[in-house]
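Coordinate inspection notes
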Amino acid sequence: VQLQASGGGLVQAGDSLRLSCAASGRTFSYYAMGWFRQAPGKEREFVATISGSGGTTRYADSVKGRFTISRDNAKNTMYLQMNSLKPEDAAVYYCAARNTGTAATTYSSYGYWGQGTQVTVSS
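These lines cover the structure that appears in this document, whether it is placed above or below. Everything numeric here is computed off the predicted structure, so don't read it as measured data. Along each chain, numbering runs from 1 in the same order as the chain's sequence is written. Confidence filtering applies because this is a predicted model: local features only for residues at pLDDT of at least 70, side-chain atom pairs given and counted only at 80 or more, and all residues used for totals across whole chains, interfaces and linings. Excluding hydrogens and water, the side-chain values take into account all heavy atoms of the structure.

**Focus on the sheet that holds strand β8 (residues 77-82)**
The pairing criterion is simple: DSSP has to find at least two bridges between the two strands. Helix numbering and strand numbering both begin at the N terminus, where a helix is a DSSP run of H or I of at least 4 residues and a strand a DSSP run of E of at least 2. Spatial ordering of the open sheet is given by β1-β3-β8-β7, a layout of four strands whose pairing is antiparallel. Strands with a single pairing partner mark the edges of an open sheet, and in this sheet they are β1 (2-6) and β7 (67-72). The average undirected angle you get between the axes of adjacent strands in this sheet is 15 degrees. Across five bridges, the pairing between β1 and strand β3 (residues 17-24) is antiparallel. The residue of β3 that forms the bridge with Leu3 is Ala23. To obtain an axis, a line is fitted to C-alpha atoms, over the contacting stretch when the element is a helix, and the angle between two such axes runs from 0 to 180 degrees between their N-to-C directions.

Next up, the structure:
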């Protein structure tokens, strides 16, 4: 599966942004998907995951209540709605897919990665 992330940009603290991850290849619903992010000088960290059916979602504590992960299997696209953005949310955001429909929170669980999209949040 090939992944293409988009939707990043420069926003102010408190603003919202929606990221998209378009997938091509095998049947999209086969893959559980995830969002990770990496800030300069830091390790890549888990943000959110969603199962292949979309019925299960999990979030990092730092984004719970502010971010919402979703997917449209008919459009082969996953989304991350980010509300109430904070300067500490600034990072390159990566979408990822794994070879099973079960959601997962660990980096090593994912075998396919998109190229990343930059999110910058000014205070």
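**Some words on unusual backbone geometry**
The backbone of Asn76 shows a phi angle near 55 degrees, a positive value even though the residue is not glycine. Along the chain, Asn76 turns up in the loop between β7 and β8. Of note, Ser84 is a non-glycine position whose phi angle comes to about 50 degrees, a positive value. With respect to the element layout, Ser84 can be found in the loop between β8 and β9 (91-98). Categorising residues by exposure relies on relative accessible area from a 1.4 Å probe, with only protein chains included: less than 20% of the type maximum marks a residue as buried, more than 50% marks it as exposed, and the intermediate range marks it as partly exposed. For Ser84, a relative accessible area of 41% puts it in the partly exposed group.

**Some thoughts on the pattern of salt bridges**
Any Lys or Arg side-chain nitrogen found within 4 Å of a carboxyl oxygen on Asp or Glu counts as a salt bridge. Under the counting rule described, the total for this entry stands at four salt bridges. Measuring nitrogen to oxygen at the nearest pair gives 3.0 Å for the salt bridge that ties Arg37 to Asp89. With Arg37 in strand β4 (residues 32-38) and Asp89 in the loop between β8 and β9, the pair connects residues that are 52 residues apart, well separated along the chain. Grouping residues by exposure puts Arg37 and Asp89 together as buried. With its nearest N and O atoms 2.7 Å apart, the salt bridge here joins Asp89 to Arg66. Residue Asp89 is located in the loop between β8 and β9, and its partner Arg66 is located in the loop between β6 (57-59) and β7; the two are separated by 23 residues in the primary sequence. Residue Asp89 shares its accessibility class with Arg66, and that shared class is buried. Salt bridges linked by common partners bring Arg37, Glu45, Arg66 and Asp89 together as one network.

**What to know about the state of the cysteines**
Put simply, a disulfide is two cysteine sulfurs that come within 2.5 Å. Counted under the stated rule, the structure contains one disulfide. Two residues share a disulfide in this structure: Cys21 and Cys95, whose sulfurs sit 2.2 Å from each other. The S-S bond linking Cys21 to Cys95 shows a torsion near 65 degrees; that makes this disulfide right-handed. Of the two residues, Cys21 sits in strand β3 while Cys95 sits in strand β9, which places them 74 residues apart along the sequence. On the basis of relative accessible area, Cys95 is assigned to the buried category, the value being 0%.

**Things to note about the packing of aromatic side chains**
Here is the rule: rings of Phe, Tyr and Trp (six-membered ring for Trp) pair when centre to centre is within 6.5 Å. Planes less than 30 degrees apart are stacked, more than 60 are edge-to-face, and the remainder are tilted. Scanning the model with the defined rule gives eight aromatic pairs in all. Centre to centre, the rings of Phe36 and Phe46 are 5.8 Å apart; their planes meet at 70 degrees, and the pair counts as edge-to-face. With a gap of 10 residues between them, Phe36 in strand β4 and Phe46 in strand β5 (residues 45-50) connect regions that are remote in the sequence. Of the two residues, Phe36 and Phe46, neither departs from the other in class, the shared state being buried.

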